[in-house]
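Descriptive analysis of the structure
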Amino acid sequence: IDFGVAKALNQRLAERTVYTSFQSFIGTPMYASPEQASLSNVDVDTRSDVYSLGVLLYELLTGSTPFDKTQFEHAAYEEICRIIRDFEPAKPSTRISSLGETATGVSQARGTAPDKLGHLVRGDLDWIVMKALEKDRARRYLTANSVAEDLQRYLAKEPIMARPPSFGYRLQKLAQRNKTMVLTIALVIVLLLLGILGTSWQAWRATRYANSARYQKEQAEQAVRDLQQATYTLAATYAFLGDAGNLEKVYEIAKQAGYSDRLEGFEALIRYSAGEYDGAFALCEEILDRDPEDFITQAILAKTSILIGQDDRYPLE
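Here goes a summary of the coordinates provided.

Basis of the calculations
Residues numbered from 1 in each chain as written. Predicted model: local features only at pLDDT ≥ 70, side-chain atom pairs only at ≥ 80, totals over all residues. Heavy atoms only, no water. Helix = DSSP H or I, 4+ residues; strand = E, 2+ residues; numbered from the N terminus. Expected span 1.5 Å × (residues − 1). Contact = heavy atoms within 4.5 Å. Core = buried A, V, L, I, M, F, W, Y, C linked by side-chain atoms within 4.5 Å. Buried < 20%, exposed > 50% of the residue type's maximum accessible area, 1.4 Å probe, protein only. Patch = residues over 30% accessible without salt bridge, like charges linked within 9 Å, V, L, I, M, F, W, Y side chains within 5 Å. Areas by Shrake-Rupley, 256 points an atom, 1.4 Å probe, with all protein chains shown as cover. Salt bridge = Lys/Arg side-chain N within 4 Å of Asp/Glu carboxyl O. Axes fitted to C-alpha atoms, helices over the stretch in contact; angles between N-to-C directions. Parallel < 35°, antiparallel > 145°, perpendicular 65-115°, else oblique. Left-handed = near helix turned anticlockwise from the far one by under 90°. Nonpolar A, V, L, I, M, F, W, Y, C, P; charged D, E, K, R; others polar. Phe/Tyr/Trp six-rings, centres within 6.5 Å; stacked < 30°, edge-to-face > 60°. Polar contact = N/O pair within 3.5 Å; in protein donor to acceptor, adjacent residues only side chain to side chain.

1. Regarding helix H12 (residues 244–256)
Its 13 residues place the ends of H12 19 Å apart at the C-alpha level, agreeing with the 18 Å of an ideal helix rising 1.5 Å per residue. In the core, the buried residues of H12 are packed alongside helix H11 (179–241) and helix H13 (263–273). Just past H12, the residue Gly 258 takes up positive phi, approximately 80°.

2. Some words on the nonpolar core
Residues Phe 72 and Tyr 141 are the most contacted members of the largest nonpolar core, which totals 33 residues. Among the elements that line this core, the one with the most residues is helix H2 (residues 46–62), at six residues. Setting aside residues up to four positions removed in sequence, Tyr 141 forms contacts with Arg 47, Val 50, Ile 128, Lys 131, Ala 132, Ser 146, Val 147, Asp 150 and Ala 162.

3. Quick notes on a nonpolar patch on the surface
Taken together, the side chains of Met 181, Val 182, Ile 185, Ile 189, Leu 193 and Ile 196 make up a nonpolar region of the molecular surface, amounting to roughly 520 Å² of accessible area. Positionally, Met 181 belongs in helix H11.

4. Concerning the packing of H11 against H12
At their nearest, the axes of H11 and H12 sit 8 Å apart, and the two run at 160° to each other. In terms of orientation, H11 and H12 fall into the roughly antiparallel class. Crossing angle aside, the handedness with which H11 passes H12 is left-handed. Residues Thr 231, Leu 234, Ala 235, Tyr 238 and Ala 239 of H11 form the contact with H12, whose participating residues are Asn 246, Leu 247 and Val 250. Residues belonging to the contact of H11 with H12 are distributed by class as follows: six nonpolar, two polar and no charged.

5. Quick notes on the packing of H12 against H13
The contact between H12 and H13 brings their axes to 11 Å, and the two run at 165°. Here H12 is positioned roughly antiparallel relative to H13, judged by the angle of their axes. Here the hand of the crossing between H12 and H13 comes out left-handed. Listed contacts from H13 to Ala 244, Leu 247, Glu 248, Val 250, Tyr 251, Ala 254 and Lys 255 of H12 are Leu 263, Phe 266, Glu 267, Leu 269, Ile 270 and Ser 273. Among the residues making up the contact of H12 with H13, the classes are represented as nine nonpolar, one polar and three charged.

6. Let's talk about the pattern of salt bridges
Once their charged atoms are close, side chains differing in charge can pair, the charge on each being opposite to the other. For the coordinates displayed, the defined rule picks out four salt bridges. Note that Arg 139 and Glu 134 form a salt bridge whose closest N and O atoms lie 3.4 Å from each other. For Arg 139, a relative accessible area of 29% puts it in the partly exposed group. Judged by relative accessible area, Glu 134 falls into the buried class, the value being 11%.

7. Observations concerning the packing of aromatic side chains
As enumerated under the stated definition, the model contains three aromatic pairs in all. Here the aromatic rings of Phe 240 and Tyr 272 are separated by 5.6 Å at their centres, their planes lie at 85°, and the arrangement is edge-to-face. Note that Phe 240 is positioned in helix H11 and Tyr 272 in helix H13, a separation of 32 residues in sequence. Among the residues examined, Tyr 272 registers a relative accessible area of 11% and is labelled buried. Grouping aromatic residues by their ring pairs yields a cluster made of Phe 240, Tyr 272 and Tyr 277.

8. Comments concerning unusual backbone geometry
Negative phi is the rule for most residues except glycine; trans is the rule for most peptide bonds. The residue Lys 157 is not glycine, and still its phi comes out positive at about 60°. What makes Lys 157 exposed here is its relative accessible area of 77%.

9. Some remarks on the side chain of Ser 305
Note that Ser 305 resides in helix H15 (residues 295–307). For Ser 305, a relative accessible area of 0% puts it in the buried group. A polar contact is formed between the side chain of Ser 305 and the backbone oxygen of Ala 302, at a distance of 2.6 Å.

Following this line, the structure appears as C-alpha cells:
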C-alpha cells in the first residue's frame, strides 16, 4: 500500500498523510496515485498500490521520487492534487541526467558511474517504471506481481511487457492537459477550413458562371454565323436562278442585320446577277484572298471565270 498511509500527522505536508474535514486525501502526496488525488474513493483499488510501488522503484533507481517534495512544500493543497493528477514525471534516465552534482553520490550508492547509471536505466527500466506510474490506471500493471515479473524478464534479458506509449496516446494526453489551448486551435482550424471551403465554393461558382456565360456567348456567336451563312446561301440561290428581285430583298435584310463581313459577297452576287461579270470576278478574288474557304464565293468566281474566259484559272468543280 501507499507507504505513508500510517505515518503520524505531525509531519510536514509533503511527508505526511493528509486529511480534510469534507473530503479526504488518504496517503502521502509523493507516493499517492492520481485517483487518490481526485479525492474520491470510487477509483481507488489495488492499481493505486501499483502506482506507489512504481514511485518506490523510481526512487530506488534515481535517488528521488518522481515529484520532489520541495514542489509540494511550497504548493497549496489543490495545487498538490493537480500536480499528482496532471503532471507527467520525467523518465528515470532523464531524471538521472538532470541531477547535476548529486549524480555522483547517487551513482556511487548504486555501485556505478553517473553516465553508466543513466545508460543502465535508459530503455526497458524506464518503461517498466513509467508503466507503473501511468496516470490512466487501466494502462498500469494490474498487480505488484506483474511488476515483479517484468523486472524478472528485464534481468533475464527477455522482452518486457511494458512498451513506450504510442504517439496517438501521448497526443491524447497532451490534449487532455491543455483543453483550452486545444479547443482554441481546433476552433481556429475549423474557421480556416470553413473560410477555405467558402472561398473555394465562391470561386467554383464564379468559374461555373464564367464558363456558362462564355459558352452561351460562343453559342450565340455561332448562331449568328450560321444565320449569316444561311442568308448568304439563300442570296446565292436567287442569284444563280436569276431572281434579282428576291436577291435585292435578301441583300437589304443582310444590311439591316449588320452582316458587314458578308456584304462584299452579297455585292458580288448582285453584280453577277446584273451581268457585271468582270466586277463580280474581281470582287470574288479579293474576298478569297482573305477567306479561301468561302465556298459560295468560290462558286461565283468559278462561274464568272467561265463567262469572262478565265476558266483555266478557276475551273468549276
